[in-house]
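In case you want the letters, here they are:
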Amino acid sequence: MTDELSSSSSPCAQLSIIVDLTSSPFDFKTLYNHLSSQPPTNSDHHHWHYGSLRSYTIPFQSNLDEATINCVISKLKLLQNHLSILPPFWICYKKCQQQLQSTIPLVNTTTEVIRKNVKLGKFYTNNGFDMEYTSGALVEINKYIWDIQTQIKETWRLVFYHDKIDIDYGCKEKKLRKTLKAEMMDRCAIIMTQKDGFTLFINMNGNPIDYEAINPDISQNTTDNNSFSRKSNESTISYIRTASRESQPFYSTIRLTISLSNQFNENNIITNHSDEHNSEQLQRLNSCYTQFIEFFHRNHISDCFGIILSIPSNVDYSVITSLFKSNGTTSFIKQYCWQMLMSIGYRFQQRLTTRFIQQMNLIDDDDEFYQTSLHIWRRSSEYYFINLLDELSRYREKLNALTAGPPLSPKSSNNFQLQGVKKEEGEQERWSIQTPPRHYAYVPSVTLTPTTICVNPFKLVKTNRVLRESQFGGNLMFALVDVKEENGTMDLFPHDYRSLRWKTEMLLESGFDLGIKGRTYRYLHHSQSQLKDKQFWFYHHDGKTNFSFEDAFAWMGDFQEERIVAKHAARIAQCFTSAEATIQIPSEKVEYIDDIHTDDHKYNFTDGVGTMSTIIRDNINPYRQFSAIQIRYGGCKGVISVNPDLDNSPHQLRIRQSMRKFKCSHDILELCRISKPRPLYLNRQIIVLLSHRGIDDRTFLSLQNQHQQMLSESLVYPTRAYELLAEKLNRNLFPLRTLINDAHLNLIQEPFFRQLIITTSKFELAQMRERTRLKLPRNSARNMIGIVDEYGVLEYGQVFIQYTELHGDLLDDEIGSNSDPSSTPQPEKTIILDQQVVVTKNPCHHPGDIRIFQAVDVPRLRHLKDVIVFPQRGKRPHPNEISGSDLDGDEYAVIWHSAFIPKTPNDIPYDYDSQTPMLRVVDRPVNRADIQATVLDISEQSCVGKLCSLHLANMDVHGVAHPRTLAIAGHISEELDAPKTGQHPLTPKQISHLQAELGHERPDYFDKPYYKLYPSKHVLGQLFRSCLRFEPNWAAIQTPPTTVCPAPIDPLLVHDLHNDYASSVDELARTYREAIMDIMYVYRFSSDVDLLCRFDSSSSQYKTPLSKQQTDSACLIADSAQVELKQLIRRMRRLFYHDFRFCDKTHSNRCHTNCSQCAEKKMAKASALYVLCYTDTRHARRLLSLPWLFAPLLIETRKLNIKKQTKLLSPVLVAQMLEIQPYRLIGQSLYRALQYLVDKSKGFYFLHTYSLDKPNSITVSLGPTSTAKRLLLKRQISLMDYFILEILHHYVYESLSKVRSPITVPKPLLVESAWQHIYTRFILGECSPLVLITTNSKTNSTIPDCQKWSDEQACKTLQRLLEISVQCADHGVDTIDYAHANEYFVSALQQMATNGSLYMNS
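What counts as what
- Residues numbered from 1 in each chain as written.
- Predicted model: local features only at pLDDT ≥ 70, side-chain atom pairs only at ≥ 80, totals over all residues.
- Heavy atoms only, no water.
- Helix = DSSP H or I, 4+ residues; strand = E, 2+ residues; numbered from the N terminus.
- Buried < 20%, exposed > 50% of the residue type's maximum accessible area, 1.4 Å probe, protein only.
- Contact = heavy atoms within 4.5 Å.
- Patch = residues over 30% accessible without salt bridge, like charges linked within 9 Å, V, L, I, M, F, W, Y side chains within 5 Å.
- Areas by Shrake-Rupley, 256 points an atom, 1.4 Å probe, with all protein chains shown as cover.
- Salt bridge = Lys/Arg side-chain N within 4 Å of Asp/Glu carboxyl O.
- Lys, Arg positive; Asp, Glu negative; His and termini not counted.
- Charge placed at Lys NZ, Arg CZ, Asp CG, Glu CD.
- Axes fitted to C-alpha atoms, helices over the stretch in contact; angles between N-to-C directions.
- Parallel < 35°, antiparallel > 145°, perpendicular 65-115°, else oblique.
- Nonpolar A, V, L, I, M, F, W, Y, C, P; charged D, E, K, R; others polar.
- Core = buried A, V, L, I, M, F, W, Y, C linked by side-chain atoms within 4.5 Å.
- Phe/Tyr/Trp six-rings, centres within 6.5 Å; stacked < 30°, edge-to-face > 60°.
- Lys NZ or Arg CZ within 6 Å of the ring centre and 35° of its normal.

Draft legend 1. Just the side chain of S1167, in detail. With respect to the helices, strands and loops of the structure, S1167 is situated in helix 33 (residues 1159-1175). Residue class for S1167 comes out buried when judged on its relative accessible area of 0%. With sequence-adjacent residues up to four places away left out, S1167 is seen in contact with L1053, V1054, H1055, H1058 and L1194.

Draft legend 2. Structural detail: a positive patch on the surface. Residues K116, R498, K946 and K1008 make up a contiguous surface patch of positive charge. Note on placement: R498 falls in helix 12 (residues 494-499).

Draft legend 3. Seen up close, the packing of helix 37 (residues 1279-1292) against helix 38 (residues 1312-1324). At a closest axis distance of 12 Å, the pairing of helix 37 and helix 38 adopts a crossing angle of 175°. As the angle between them shows, helix 37 and helix 38 are arranged roughly antiparallel. Taken together, the residues of helix 38 that come into contact with helix 37 (itself represented by D1281, I1284, L1285, L1288, H1289 and V1292) are W1315, Y1319, F1322 and I1323. Residues belonging to the contact of helix 37 with helix 38 are distributed by class as follows: eight nonpolar, one polar and one charged.

Draft legend 4. How the structure looks around the nonpolar core. Within the largest apolar cluster, 278 residues are counted, with the highest numbers of intra-cluster contacts made by W90, M556, L682, F734, F753 and W1188. The greatest single-element share of this core, amounting to eleven residues, is contributed by helix 40 (residues 1375-1395). Non-local contacts of F753, meaning those with residues more than four positions away in its chain, are made with L725, F734, L736, L739, L745, L747 and W1188. Of all hydrophobic cores here, the second largest spans 56 residues; its members include F89, I152, Y211 and F292.

Draft legend 5. Molecular detail of the pattern of salt bridges. Scanning the model with the defined rule gives 57 salt bridges in all. Here R177 and D168 are joined by a salt bridge, their closest N and O atoms 2.6 Å apart. Classification of R177 by relative accessible area gives buried; the value is 14%. A salt bridge links K637 to D888; the nearest nitrogen and oxygen atoms lie 3.5 Å apart. You can see K637 sitting in strand 28 (residues 636-642) and its partner D888 sitting in the loop between helix 23 (878-881) and strand 39 (891-895), a full 251 residues away along the chain. By relative accessible area, which is 17% here, K637 ends up buried. Residue class for D888 comes out buried when judged on its relative accessible area of 14%. Each member of the salt-bridge network shares a partner with another, and the members are R378, R379, E382, E391, R394, E1074 and D1078.

Draft legend 6. Representation of the packing of aromatic side chains within the structure. A full pass over the atoms with the stated rule returns 57 aromatic pairs. Measuring from centroid to centroid gives 6.2 Å for F478 and W537, while their planes differ by 85°, and the two rings are edge-to-face. One end of the pair, F478, is in strand 20 (residues 478-483); the other, W537, is in strand 23 (residues 535-539), with 59 residues separating them in the sequence. The class of W537 is buried, set by a relative accessible area of 3%. Seen in terms of ring centroids, Y523 and F536 are 5.7 Å apart; in terms of plane orientation they differ by 90°. Their pairing is edge-to-face. Residue Y523 is located in strand 22 (residues 520-525), and its partner F536 is located in strand 23; the two are separated by 13 residues in the primary sequence. When sorted by exposure, Y523 lands in the same class as F536, which is buried. In this structure an aromatic cluster arises from ring pairing among F472, F478, W537, Y539, F547, F549 and W555. One cation-aromatic arrangement involves R522 over F549; the distance from NZ or CZ to the ring centre is 4.2 Å. The ring of Y592 carries the charged tip of R660 above its face, separated from the ring centre by 4.0 Å.

Draft legend 7. Looking closely at helix 13 (residues 501-510). Considered for burial, the residues of helix 13 that qualify are R501, K503, T504, M506, L507 and L508. Tucked into the core, helix 13 has its buried residues touching strand 18 (440-448), strand 19 (453-462), helix 12, strand 22, strand 23 and helix 24 (928-940). At the exit of helix 13 stands G511, carrying a positive phi of roughly 75°.

Draft legend 8. A look at unusual backbone geometry. Omega for the bond connecting N842 with P843 falls within 30 degrees of zero, at -5°, which places this linkage in the cis form. Secondary-structure assignment places P843 in the loop between strand 36 (836-840) and strand 37 (851-855). Residue T772 is not a glycine yet carries a positive backbone phi of 50°. Within the fold, T772 resides in the loop between helix 22 (751-771) and strand 32 (774-775). Of note in the backbone geometry, D1007 takes a positive phi value of approximately 55° without being a glycine. Looking at the secondary structure, you find D1007 in the loop between strand 40 (1001-1003) and strand 41 (1012-1014).

So, in structure tokens, the structure goes:
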């Protein structure tokens, strides 16, 4: 087979050499010597995949032809065979397409649609070819070990699809299939080419998917040589998902070998074929090879060339693992840790050695054993070729070096907590699994896939009633179990889940052993939110000390009154709701009162809501004057609002009958959620309903433009950067205000804070694009918990709303809240609304789900704030009208922004209570088998996502009020209630029929390559295309680079004595790196910046939108990660200050916080940490966050260095050096644009008169649009303003049009009249029919170069134009044109903010 690569349409190429520097050094110069070439001076050196691999890039000049490049590759392949010259390496070759120089991206709706199940190619091996499949692991860069039991050498058929490859094998009686999905491939495949074939080593993050044909007999009477029959048989064979009963190891690499076979005749002599036959076979082989390469490329999988030795495994790892001291005296934590390590899979098992196990056995302390295991787990997960013993030895050596310093807690050397340090309130002296943060617990975590039982690191979860109960035996008796696809992250498709139901049922019933054989965990129950994620609580009953399963359910409560199985399960699920235990309320202080119903008793006004006294409120939290909380109390659930009338009552808590779900003696009030100011974002559902109610498209476009403008300005103006970070980051993390105002630090230019800004902005942009998530002004809308008017003073159609005014985090506003911990809280100001408001609740699909009410001021309700109070009058409760909701904790979207209040009357609400009666057990009590069957029924068919997509697609075609769309809205409501009712409104077949009715076309904002997308006329389509137009500039701003180079150092942050602490901070940085990397890997974050921003930026690398369910789950994961991060930060700060416990060497004077004697030392140590983290190139990931945990010390260092500079230089010069210059980036971008226009002799568009007598001003002419009329007006403006007008006019000139573009175009043209009107209003200060008169010929004028250019004035002129365009879009005529004009202004701002220039070639 040829080694030459196919030709590329572009001569530009990049060739990378991939090496493993941990196993052997690599001499790049030697490589170039053997290539007979000089090494480039600027060869890039990057961290690559799999932990420690490095990539050396060989750049090719664009004038090199393909033959030259192929020659280099051939030489490199020869070198791969000579290990005496160079250590093993891979070759990665990429052909680079020329990028289009376009400032505005176009939406290509004519690209080829990716059809999921369309076969793109086939390859058969039954005639003249041999194929071999094995599963195993790459254990070195040139060594592969495979499991003999996985070998398959039967006749095969390969079928290529866009994102998967099917491998069909087996006999006619039992046809089998393995499916390799691209999303389960781990970034890279290695290719070995031979003369007669090729071998692929495909790295995986999950085992291949197994299927079995359910009707294989149909092909028995046909021959494989009959092409027509073969195709016919293939199309009629159906496959069903299969899995073995026993769990299998995870194989991280599969090997496929395809080669020409030697065919023998009846005398065992190799048959010689004609040259024509051999040529045909080679063509087929080359075609198969090409199919693989194309598959890898279209799915962003790197393909590398390497030489890899394949060895069948001859080691029985079960014998080696038996050396681990797993016996009756070994703690469960150690046993669990060992199982966690073994869950890494075959790659880990093949690296095990007796010596490694012996060293692990020497660790006695459980917490230390877990931390060590966690380190090995993470390193083994990220680094394919790890040497376990070496890694363990290095880790233990560094740990011993740390313990040799300051004394550690006597029980553990790896607890990161030091003796002699004062405890923080509620803080333990040592890290321990048994002492988690308050309201949290570490629990075993297990992922069940069709082939594996994967034991994960302990997961930090918020506690619930069951976890807190000591009679269950503690948190280690529970396991949080997820049912996932093979890669452990994706959900199983419903049809696969149905096929594998037997296995899920088996695991729920029989459970699995965890830690040691016989310690069996079985299904206990779940919370309602966990059910949709297929997540369950498992429990181990030891038969001696803790509750049995029967005792456990008896303790939870009496549920037998509920005979509807789904509701019965939902009642038990209340006990598993994540909630904080607060205060004990004896039953004698509780009064159960009746609900308030409509006259016909059909509806309940008080469904799920009760009241409490202010005394109870203050006992729960004396520092927060909240008005309502969502609770669990005994068998009750719902919301309780504050009622001062109960303060002197014998019953301080009133619970309504609708809140009582089952009988229970538990009397601790549990807190789920608290009422407080919560910002509101519009989503697609709300936008659809508001648009249906007549809210103009420009209102949404203008809102999105404002959000885009704010994000762009965060890269330009420190005030905006401050506001963004103060809103999105943990408030007590960094003293942002002090960094800017006192230390004169420009957050936008500082590498760490700049990355925070970029990552936060990219999250906002992803939400805008994927979910049309638009932020409303903080004092114009809120999310609010709903409660009822207990006094009966509100009329039907009225609500009471009192909201807390939020000032936001404004850098120059002393009234605003401060993110600095030392700031003094400002008194809250509340505002009572007396106007119309819009109210809805997510999800909302029916036109009646969004309603207008009159907010009124009622003195008796003024004690309530940040909640929405509904009346208890009318024919139907308002909450029930809105998405069929109630008051048991539902949050309502409340909008009082005048632009979003419709003028149309409310639609008739949907009748959400007209569902089919639910099935119930009548002849016996509900048992566990009933619950288990119902849980499987509900979880196997989760169709909310499909129905929501169908609703959106039908809405786009027919409108939201069309009968088809309304019917689907009703189905969605019933599907959402399926966990409580046990019934699905539609079968999968019926849903498929609805999808087929729509055909294969979908609106472009679906953004799915598997549909034929059309440009939608709906505002959602317009918003989506607007997002696309803003994307390229943001894409140019990279995430943290992998290039091995230091970050720039700010000399003012370097203390004179920083070298004195170089060694001590190295250990501190190592400790931080190990701990934060563990958190990142457990919770799947790509960097410390992503962790701080609660957003994995790598998830949007290839524009893979997350579903709402995935987003919600990610938020819960991020919450737990933030708690662990907070713990780590506390730990690091105590470690840092440990050296400063005493002011002298005799330890006689204990140091205090404001000790001036140690201040210089602390500053020097923080500075040393800063220098180390910014210059350290030893690791693949930079961790620049660590020194900023000690920002106050860095601030003092900078202030000290500023003082020193002031003594050496003049104060004026120092002031100029420290000036942040917020206007410089935009101002200089505009100035360069002006210079470009002058240098290119572009000339000026507008008629003007310039006089040297007034060098800083210019006269422009305005006249009517008709050229037949004479000139009416001349106006003098500043020369700077004129320049900005000309610069921007050149920027948009090619897009100007006399007529409006269709709203479906990718890039709407700019209507000239709207643009001119904005300019006129800018000049005259008011609206006018006059426009600027243009010159007939664009020749250079006599205007000299602007000698007094002002960056500040240029920025303010641009800002005024932006403001005018927004005002015109809000109040003008033809407002959609002004919204587009506003977008052009924002685009210009963004272009300069991200690229530093307005014109691409300026």
